[in-house]
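Per-entry structural report
So the chains spell out like this:
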Amino acid sequence: MYNAICAFLLVLASPFLLALSFGRKYKVLLSDELGNSRIPNQNSRISNENSRIYSENSRIPSKNQSKNSILARFFLLNNPALKPCDFYFHACSLGEVSTIEPFVKALQKEAKSVRITVCTATGYEKAREFCDEVAFLPFECFLPFWLKECKTLVVFEAELWLNLFACAKKQGAKVILLNARLSQSSLPKYRRFLRYYKTLFSYCDLVLVQSESDAKRLETLGAKNLKVLGNVKSALLPCPSKKLSSNYEHIIVLASSHEGEEKGILEFLRLKKGEQLIIVPRHPQRFSAVCELVHSWAEQNNYSSQCFSKNADLKAQVVVMDSLGELINIYAIADTVILAGSFSAGIGGHNPFEPASFNCGIISGAFFHNQKVLYSAVQGIKIASDFKTAALLAHEKFSSQITQSCDFNGILEQIKG
(Lines give C-alpha, C1' and ligand atoms only; values in the text may rest on other atoms or scores of the structure.)
Protein backbone atom coordinates (compact mmCIF):
# COMPACT_ATOMS: atom_id res chain seq x y z
CA MET A 1 0.00 0.00 0.00
CA TYR A 2 2.79 2.44 0.94
CA ASN A 3 4.58 1.86 -2.38
CA ALA A 4 1.33 2.35 -4.28
CA ILE A 5 0.70 5.66 -2.50
CA CYS A 6 4.24 6.84 -3.25
CA ALA A 7 3.89 5.88 -6.91
CA PHE A 8 0.55 7.68 -7.13
CA LEU A 9 2.04 10.82 -5.59
CA LEU A 10 4.94 10.69 -8.01
CA VAL A 11 2.55 10.48 -10.97
CA LEU A 12 0.68 13.53 -9.66
CA ALA A 13 3.90 15.46 -9.07
CA SER A 14 5.60 14.50 -12.35
CA PRO A 15 4.39 17.53 -14.39
CA PHE A 16 5.63 19.88 -11.68
CA LEU A 17 8.98 18.07 -11.38
CA LEU A 18 9.50 18.12 -15.12
CA ALA A 19 8.60 21.81 -15.19
CA LEU A 20 11.24 22.45 -12.52
CA SER A 21 13.76 20.65 -14.70
CA PHE A 22 12.93 22.17 -18.09
CA GLY A 23 10.46 25.02 -17.76
CA ARG A 24 11.83 28.55 -18.04
CA LYS A 25 9.04 30.17 -16.11
CA TYR A 26 9.95 28.31 -12.91
CA LYS A 27 12.71 30.14 -11.08
CA VAL A 28 13.24 27.58 -8.36
CA LEU A 29 16.15 25.23 -7.84
CA LEU A 30 15.80 22.05 -5.83
CA SER A 31 19.33 22.04 -4.52
CA ASP A 32 21.53 22.31 -1.48
CA GLU A 33 19.39 22.50 1.63
CA LEU A 34 17.04 25.15 0.21
CA GLY A 35 13.84 24.43 -1.60
CA ASN A 36 12.73 28.00 -2.31
CA SER A 37 15.86 29.84 -3.45
CA ARG A 38 15.41 32.34 -6.21
CA ILE A 39 17.60 32.23 -9.27
CA PRO A 40 19.44 35.59 -9.48
CA ASN A 41 17.97 38.10 -11.87
CA GLN A 42 19.68 37.68 -15.22
CA ASN A 43 19.71 41.42 -15.69
CA SER A 44 21.65 41.98 -12.49
CA ARG A 45 24.89 43.83 -13.22
CA ILE A 46 26.71 41.56 -10.81
CA SER A 47 25.16 38.19 -11.65
CA ASN A 48 26.07 38.47 -15.34
CA GLU A 49 29.65 39.40 -14.58
CA ASN A 50 30.18 36.60 -12.08
CA SER A 51 28.12 33.74 -13.52
CA ARG A 52 31.07 32.35 -15.45
CA ILE A 53 33.38 32.70 -12.44
CA TYR A 54 30.91 30.90 -10.19
CA SER A 55 30.59 27.90 -12.47
CA GLU A 56 34.36 27.58 -12.92
CA ASN A 57 35.63 28.20 -9.40
CA SER A 58 33.05 26.89 -6.94
CA ARG A 59 30.83 23.92 -6.26
CA ILE A 60 27.60 25.73 -7.06
CA PRO A 61 24.75 23.71 -8.50
CA SER A 62 23.98 25.03 -11.94
CA LYS A 63 20.48 24.78 -13.34
CA ASN A 64 21.60 21.70 -15.30
CA GLN A 65 22.99 20.06 -12.16
CA SER A 66 19.75 20.70 -10.29
CA LYS A 67 17.79 19.37 -13.27
CA ASN A 68 19.94 16.25 -13.21
CA SER A 69 19.31 15.68 -9.50
CA ILE A 70 15.54 15.93 -10.02
CA LEU A 71 15.56 13.62 -13.01
CA ALA A 72 17.87 11.17 -11.25
CA ARG A 73 15.84 10.99 -8.06
CA PHE A 74 12.33 11.00 -9.45
CA PHE A 75 12.82 9.42 -12.90
CA LEU A 76 16.05 7.37 -12.43
CA LEU A 77 17.67 9.12 -15.39
CA ASN A 78 21.43 8.36 -15.40
CA ASN A 79 21.11 7.03 -11.87
CA PRO A 80 21.94 3.31 -11.96
CA ALA A 81 21.81 1.23 -8.81
CA LEU A 82 24.98 1.06 -6.74
CA LYS A 83 26.84 -2.21 -6.43
CA PRO A 84 26.54 -4.34 -3.25
CA CYS A 85 28.91 -3.13 -0.53
CA ASP A 86 30.05 -3.39 3.06
CA PHE A 87 28.91 0.07 4.16
CA TYR A 88 26.28 2.25 2.55
CA PHE A 89 25.96 5.86 3.77
CA HIS A 90 23.10 8.20 2.99
CA ALA A 91 23.41 11.93 3.67
CA CYS A 92 21.27 14.73 2.30
CA SER A 93 23.51 17.55 1.12
CA LEU A 94 26.90 19.25 1.21
CA GLY A 95 27.21 19.81 4.97
CA GLU A 96 26.09 16.31 5.90
CA VAL A 97 28.34 14.70 3.29
CA SER A 98 31.31 16.68 4.63
CA THR A 99 30.55 15.33 8.11
CA ILE A 100 30.56 11.67 7.07
CA GLU A 101 33.74 12.07 4.99
CA PRO A 102 36.21 11.10 7.78
CA PHE A 103 34.17 7.99 8.63
CA VAL A 104 34.07 6.92 4.98
CA LYS A 105 37.82 7.45 4.60
CA ALA A 106 38.54 5.49 7.79
CA LEU A 107 36.54 2.53 6.47
CA GLN A 108 38.19 2.76 3.06
CA LYS A 109 41.60 2.49 4.72
CA GLU A 110 40.46 -0.85 6.12
CA ALA A 111 39.69 -1.99 2.56
CA LYS A 112 35.94 -1.80 3.14
CA SER A 113 33.70 -1.11 0.15
CA VAL A 114 31.66 2.05 0.70
CA ARG A 115 28.79 3.56 -1.29
CA ILE A 116 27.03 6.92 -0.79
CA THR A 117 23.68 8.34 -1.82
CA VAL A 118 22.70 11.99 -1.57
CA CYS A 119 19.75 14.25 -2.36
CA THR A 120 21.40 17.37 -3.77
CA ALA A 121 23.79 18.37 -6.54
CA THR A 122 26.35 19.92 -4.18
CA GLY A 123 26.22 16.85 -1.96
CA TYR A 124 26.88 14.67 -5.00
CA GLU A 125 29.88 16.70 -6.10
CA LYS A 126 31.36 16.64 -2.60
CA ALA A 127 30.86 12.89 -2.19
CA ARG A 128 32.57 12.21 -5.51
CA GLU A 129 35.72 13.83 -4.12
CA PHE A 130 36.34 10.91 -1.74
CA CYS A 131 34.14 8.06 -2.97
CA ASP A 132 33.89 6.52 -6.43
CA GLU A 133 30.45 4.97 -5.96
CA VAL A 134 27.95 7.82 -5.50
CA ALA A 135 24.32 8.16 -6.61
CA PHE A 136 21.22 10.22 -5.94
CA LEU A 137 18.74 8.55 -3.60
CA PRO A 138 15.67 7.66 -5.70
CA PHE A 139 12.16 8.40 -4.55
CA GLU A 140 10.60 5.82 -2.24
CA CYS A 141 8.64 3.78 -4.80
CA PHE A 142 11.85 2.92 -6.71
CA LEU A 143 13.87 1.66 -3.75
CA PRO A 144 12.47 -1.92 -3.53
CA PHE A 145 14.10 -2.79 -6.88
CA TRP A 146 16.87 -0.13 -7.02
CA LEU A 147 18.56 -0.72 -3.66
CA LYS A 148 21.27 -3.40 -3.58
CA GLU A 149 22.58 -5.40 -0.64
CA CYS A 150 24.87 -3.90 1.96
CA LYS A 151 26.13 -5.19 5.28
CA THR A 152 25.51 -1.90 7.11
CA LEU A 153 23.33 1.06 6.20
CA VAL A 154 24.20 4.36 7.92
CA VAL A 155 21.63 7.14 7.54
CA PHE A 156 22.65 10.61 8.68
CA GLU A 157 20.44 12.77 10.94
CA ALA A 158 16.87 13.30 9.72
CA GLU A 159 16.76 11.41 6.41
CA LEU A 160 13.86 9.25 7.58
CA TRP A 161 12.76 7.47 4.39
CA LEU A 162 10.69 4.41 5.25
CA ASN A 163 11.60 2.30 2.22
CA LEU A 164 15.29 3.04 2.63
CA PHE A 165 15.20 1.53 6.13
CA ALA A 166 12.77 -1.27 5.27
CA CYS A 167 14.45 -2.47 2.07
CA ALA A 168 17.94 -2.46 3.59
CA LYS A 169 16.72 -4.40 6.61
CA LYS A 170 14.86 -6.96 4.50
CA GLN A 171 18.09 -7.51 2.56
CA GLY A 172 19.86 -8.38 5.81
CA ALA A 173 21.63 -5.09 6.56
CA LYS A 174 22.33 -3.64 9.98
CA VAL A 175 20.57 -0.25 9.95
CA ILE A 176 22.03 2.69 11.91
CA LEU A 177 20.66 6.21 12.28
CA LEU A 178 23.67 8.44 12.94
CA ASN A 179 23.66 11.81 14.72
CA ALA A 180 19.91 11.63 15.30
CA ARG A 181 18.14 14.61 16.79
CA LEU A 182 14.61 15.85 17.28
CA SER A 183 13.84 19.27 18.70
CA GLN A 184 10.95 19.90 21.05
CA SER A 185 9.38 22.29 18.56
CA SER A 186 9.43 19.64 15.81
CA LEU A 187 8.04 16.81 17.94
CA PRO A 188 4.32 17.64 17.45
CA LYS A 189 4.77 17.59 13.66
CA TYR A 190 6.41 14.17 13.81
CA ARG A 191 3.75 12.80 16.13
CA ARG A 192 1.09 13.49 13.51
CA PHE A 193 2.67 10.64 11.54
CA LEU A 194 3.34 8.41 14.52
CA ARG A 195 2.42 5.20 12.71
CA TYR A 196 4.86 5.99 9.91
CA TYR A 197 7.78 6.61 12.29
CA LYS A 198 7.01 3.61 14.50
CA THR A 199 7.10 1.45 11.40
CA LEU A 200 10.33 3.05 10.23
CA PHE A 201 12.09 2.63 13.58
CA SER A 202 11.05 -1.03 13.70
CA TYR A 203 13.62 -1.53 10.91
CA CYS A 204 16.37 0.41 12.71
CA ASP A 205 18.91 -1.54 14.78
CA LEU A 206 20.83 1.31 16.39
CA VAL A 207 20.10 5.02 16.91
CA LEU A 208 23.14 7.15 17.81
CA VAL A 209 21.67 10.35 19.24
CA GLN A 210 23.09 13.74 20.07
CA SER A 211 21.66 14.17 23.59
CA GLU A 212 19.51 12.60 26.30
CA SER A 213 16.63 14.93 25.48
CA ASP A 214 16.81 13.92 21.81
CA ALA A 215 16.74 10.28 22.89
CA LYS A 216 13.60 10.75 24.99
CA ARG A 217 11.76 12.48 22.17
CA LEU A 218 12.79 9.85 19.62
CA GLU A 219 11.65 7.11 21.96
CA THR A 220 8.12 8.50 21.78
CA LEU A 221 8.26 7.87 18.00
CA GLY A 222 9.24 4.24 18.51
CA ALA A 223 13.05 4.44 18.36
CA LYS A 224 14.83 1.68 20.28
CA ASN A 225 18.41 0.80 21.19
CA LEU A 226 19.44 4.43 21.50
CA LYS A 227 22.95 5.47 22.50
CA VAL A 228 23.90 9.04 23.39
CA LEU A 229 27.28 9.83 21.82
CA GLY A 230 27.02 13.59 21.26
CA ASN A 231 26.99 15.48 18.00
CA VAL A 232 29.17 13.81 15.37
CA LYS A 233 30.17 17.25 14.10
CA SER A 234 32.20 17.69 17.30
CA ALA A 235 34.20 14.50 16.76
CA LEU A 236 36.71 16.05 14.36
CA LEU A 237 37.75 19.69 14.34
CA PRO A 238 38.05 21.30 10.91
CA CYS A 239 41.36 22.19 9.26
CA PRO A 240 41.85 25.02 6.76
CA SER A 241 42.43 23.91 3.19
CA LYS A 242 44.58 26.96 2.49
CA LYS A 243 45.89 30.07 4.21
CA LEU A 244 44.09 33.35 3.57
CA SER A 245 45.50 36.70 4.62
CA SER A 246 44.04 40.09 5.48
CA ASN A 247 45.70 43.35 6.51
CA TYR A 248 42.81 44.47 8.71
CA GLU A 249 43.13 44.55 12.51
CA HIS A 250 39.68 43.19 13.37
CA ILE A 251 37.90 40.79 11.03
CA ILE A 252 34.14 40.39 11.46
CA VAL A 253 32.45 37.46 9.69
CA LEU A 254 28.73 37.09 9.07
CA ALA A 255 28.67 33.33 8.58
CA SER A 256 26.11 31.08 6.87
CA SER A 257 23.64 33.92 6.45
CA HIS A 258 20.10 33.42 5.17
CA GLU A 259 17.75 35.79 3.38
CA GLY A 260 17.01 38.85 5.51
CA GLU A 261 19.96 38.38 7.84
CA GLU A 262 22.48 40.33 5.75
CA LYS A 263 20.07 43.25 5.46
CA GLY A 264 19.26 43.09 9.17
CA ILE A 265 22.92 43.23 10.24
CA LEU A 266 23.97 45.84 7.66
CA GLU A 267 21.21 48.18 8.79
CA PHE A 268 22.96 48.64 12.14
CA LEU A 269 26.62 47.81 11.47
CA ARG A 270 29.09 50.62 10.82
CA LEU A 271 32.69 49.58 10.40
CA LYS A 272 35.40 51.36 12.31
CA LYS A 273 38.91 52.06 11.03
CA GLY A 274 40.86 48.80 10.81
CA GLU A 275 37.72 46.62 10.75
CA GLN A 276 36.81 44.33 7.89
CA LEU A 277 33.50 42.59 7.21
CA ILE A 278 33.33 39.26 5.37
CA ILE A 279 29.88 37.92 4.53
CA VAL A 280 29.46 34.22 3.75
CA PRO A 281 25.92 33.42 2.50
CA ARG A 282 24.64 29.95 3.35
CA HIS A 283 23.21 29.13 -0.08
CA PRO A 284 25.05 29.66 -3.38
CA GLN A 285 21.83 30.55 -5.19
CA ARG A 286 21.85 33.83 -3.25
CA PHE A 287 25.46 34.87 -3.98
CA SER A 288 24.56 37.37 -6.70
CA ALA A 289 21.73 38.95 -4.70
CA VAL A 290 23.95 39.33 -1.63
CA CYS A 291 26.78 40.82 -3.70
CA GLU A 292 24.38 43.40 -5.07
CA LEU A 293 23.00 44.25 -1.62
CA VAL A 294 26.44 44.55 -0.04
CA HIS A 295 27.88 46.59 -2.92
CA SER A 296 25.07 49.12 -2.55
CA TRP A 297 25.51 49.30 1.25
CA ALA A 298 29.27 49.71 0.94
CA GLU A 299 28.91 52.52 -1.58
CA GLN A 300 26.51 54.37 0.70
CA ASN A 301 29.00 54.14 3.57
CA ASN A 302 32.18 54.77 1.54
CA TYR A 303 33.63 51.29 2.10
CA SER A 304 35.53 49.40 -0.56
CA SER A 305 33.82 46.13 -1.50
CA GLN A 306 34.38 43.07 -3.64
CA CYS A 307 33.16 39.57 -4.39
CA PHE A 308 35.83 37.03 -3.53
CA SER A 309 35.42 34.99 -6.72
CA LYS A 310 36.50 37.93 -8.86
CA ASN A 311 39.96 38.52 -7.34
CA ALA A 312 40.39 35.66 -4.79
CA ASP A 313 41.77 38.02 -2.16
CA LEU A 314 40.59 39.94 0.92
CA LYS A 315 41.85 43.44 0.15
CA ALA A 316 38.51 45.29 0.29
CA GLN A 317 36.99 46.40 3.59
CA VAL A 318 33.81 44.48 2.77
CA VAL A 319 34.02 41.10 1.05
CA VAL A 320 31.28 38.68 -0.02
CA MET A 321 32.58 35.11 0.01
CA ASP A 322 30.83 33.83 -3.09
CA SER A 323 32.83 30.61 -3.42
CA LEU A 324 31.99 27.39 -1.63
CA GLY A 325 34.45 25.57 0.59
CA GLU A 326 36.05 28.70 2.04
CA LEU A 327 34.20 29.12 5.34
CA ILE A 328 36.73 27.18 7.44
CA ASN A 329 39.56 29.17 5.85
CA ILE A 330 37.73 32.37 6.79
CA TYR A 331 37.18 31.20 10.38
CA ALA A 332 40.93 30.61 10.67
CA ILE A 333 41.63 34.36 10.31
CA ALA A 334 38.43 35.77 11.88
CA ASP A 335 38.23 37.63 15.17
CA THR A 336 34.45 37.82 15.60
CA VAL A 337 31.82 35.60 13.98
CA ILE A 338 28.14 36.46 13.79
CA LEU A 339 26.75 32.96 13.40
CA ALA A 340 23.64 33.38 11.28
CA GLY A 341 20.67 31.08 10.79
CA SER A 342 19.76 32.03 14.35
CA PHE A 343 17.87 35.31 13.99
CA SER A 344 14.51 33.87 12.95
CA ALA A 345 12.55 30.90 14.23
CA GLY A 346 12.51 28.83 11.06
CA ILE A 347 16.15 27.71 10.75
CA GLY A 348 17.47 26.69 14.15
CA GLY A 349 21.09 27.81 14.02
CA HIS A 350 24.35 26.45 12.62
CA ASN A 351 27.38 24.61 13.95
CA PRO A 352 29.33 26.75 16.50
CA PHE A 353 32.17 24.20 16.78
CA GLU A 354 33.74 25.35 13.54
CA PRO A 355 34.41 28.99 14.57
CA ALA A 356 35.03 27.98 18.20
CA SER A 357 37.80 25.62 17.12
CA PHE A 358 39.72 28.74 16.05
CA ASN A 359 38.78 30.65 19.27
CA CYS A 360 36.70 33.19 17.37
CA GLY A 361 34.32 35.25 19.43
CA ILE A 362 30.85 33.97 18.50
CA ILE A 363 27.69 36.08 18.40
CA SER A 364 24.40 34.26 17.84
CA GLY A 365 20.75 35.09 17.59
CA ALA A 366 18.29 33.52 20.02
CA PHE A 367 16.96 30.81 17.69
CA PHE A 368 19.46 27.94 17.80
CA HIS A 369 17.14 25.08 18.82
CA ASN A 370 18.66 22.64 16.30
CA GLN A 371 22.16 23.20 17.73
CA LYS A 372 21.53 23.21 21.48
CA VAL A 373 23.86 20.29 22.12
CA LEU A 374 26.76 21.98 20.36
CA TYR A 375 26.01 25.39 21.89
CA SER A 376 26.13 23.86 25.37
CA ALA A 377 29.61 22.51 24.60
CA VAL A 378 31.02 25.93 23.63
CA GLN A 379 31.92 28.53 26.23
CA GLY A 380 31.71 32.25 25.54
CA ILE A 381 28.94 32.49 22.93
CA LYS A 382 27.14 35.85 23.20
CA ILE A 383 23.42 35.74 22.44
CA ALA A 384 21.95 38.79 20.72
CA SER A 385 18.22 39.42 20.97
CA ASP A 386 18.13 41.35 17.69
CA PHE A 387 20.22 42.56 14.77
CA LYS A 388 21.11 45.84 16.45
CA THR A 389 22.58 44.08 19.47
CA ALA A 390 24.54 41.69 17.25
CA ALA A 391 25.96 44.60 15.24
CA LEU A 392 27.09 46.38 18.40
CA LEU A 393 28.71 43.23 19.84
CA ALA A 394 30.62 42.69 16.59
CA HIS A 395 33.12 45.42 17.53
CA GLU A 396 34.11 43.68 20.78
CA LYS A 397 37.16 41.46 21.06
CA PHE A 398 36.52 38.19 22.90
CA SER A 399 36.89 34.48 22.30
CA SER A 400 34.78 31.32 22.45
CA GLN A 401 36.18 27.89 23.31
CA ILE A 402 35.06 24.28 22.96
CA THR A 403 34.67 22.66 26.37
CA GLN A 404 33.64 19.14 25.33
CA SER A 405 33.53 16.96 22.22
CA CYS A 406 32.60 13.39 21.34
CA ASP A 407 34.94 10.55 20.45
CA PHE A 408 35.49 9.85 16.74
CA ASN A 409 36.89 6.38 17.31
CA GLY A 410 33.98 5.50 19.58
CA ILE A 411 31.47 6.46 16.87
CA LEU A 412 33.47 4.59 14.22
CA GLU A 413 33.42 1.43 16.35
CA GLN A 414 29.65 1.70 16.70
CA ILE A 415 29.35 1.93 12.91
CA LYS A 416 31.64 -1.03 12.38
CA GLY A 417 29.69 -3.02 14.97
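Placed above this text is the structure.
Criteria and thresholds
Residues numbered from 1 in each chain as written. Predicted model: local features only at pLDDT ≥ 70, side-chain atom pairs only at ≥ 80, totals over all residues. Heavy atoms only, no water. Buried < 20%, exposed > 50% of the residue type's maximum accessible area, 1.4 Å probe, protein only. Helix = DSSP H or I, 4+ residues; strand = E, 2+ residues; numbered from the N terminus. Pairing = 2+ DSSP bridges. Contact = heavy atoms within 4.5 Å. Axes fitted to C-alpha atoms, helices over the stretch in contact; angles between N-to-C directions. Disulfide = S-S within 2.5 Å.

A few words now on unusual backbone geometry. With glycine set apart, most residues show a phi of negative sign, and most peptide bonds adopt trans. Phi at A312 is positive, roughly 55°, even though this residue is not glycine. For A312, a relative accessible area of 52% translates into the label exposed. A positive phi angle is found at N359, which is not glycine, with a value near 60°. Mapped onto the secondary structure, N359 falls in the loop between α15 (353-356) and β15 (361-364).

Below, the discussion takes up the sheet that holds strand β14 (residues 336-339). Strand order in this open sheet of seven strands is β12-β13-β11-β10-β14-β15-β17, and the pairing throughout is parallel. Each of the sheet's edge strands pairs with one partner strand only, and the pair in question is β12 (305-307) and β17 (382-383). The sheet strands contacting helix α11 (residues 261-268) are β10 (250-257), β11 (275-281) and β14, and the helix crosses β10 at an angle near 150°.

Counted according to the given criterion, the structure contains one disulfide. Here C291 is linked by a disulfide to C307, with a sulfur-sulfur distance of 2.4 Å. Residue C291 is located in helix α12 (residues 287-300), and its partner C307 is located in strand β12; the two are separated by 16 residues in the primary sequence. Both residues of the pair, C291 and C307, belong to the buried class. In this structure C119 is a free cysteine whose sulfur lies 4.4 Å from that of C92, the closest cysteine sulfur available. In this structure C119 comes out as buried when scored by relative accessible area, which is 9%.

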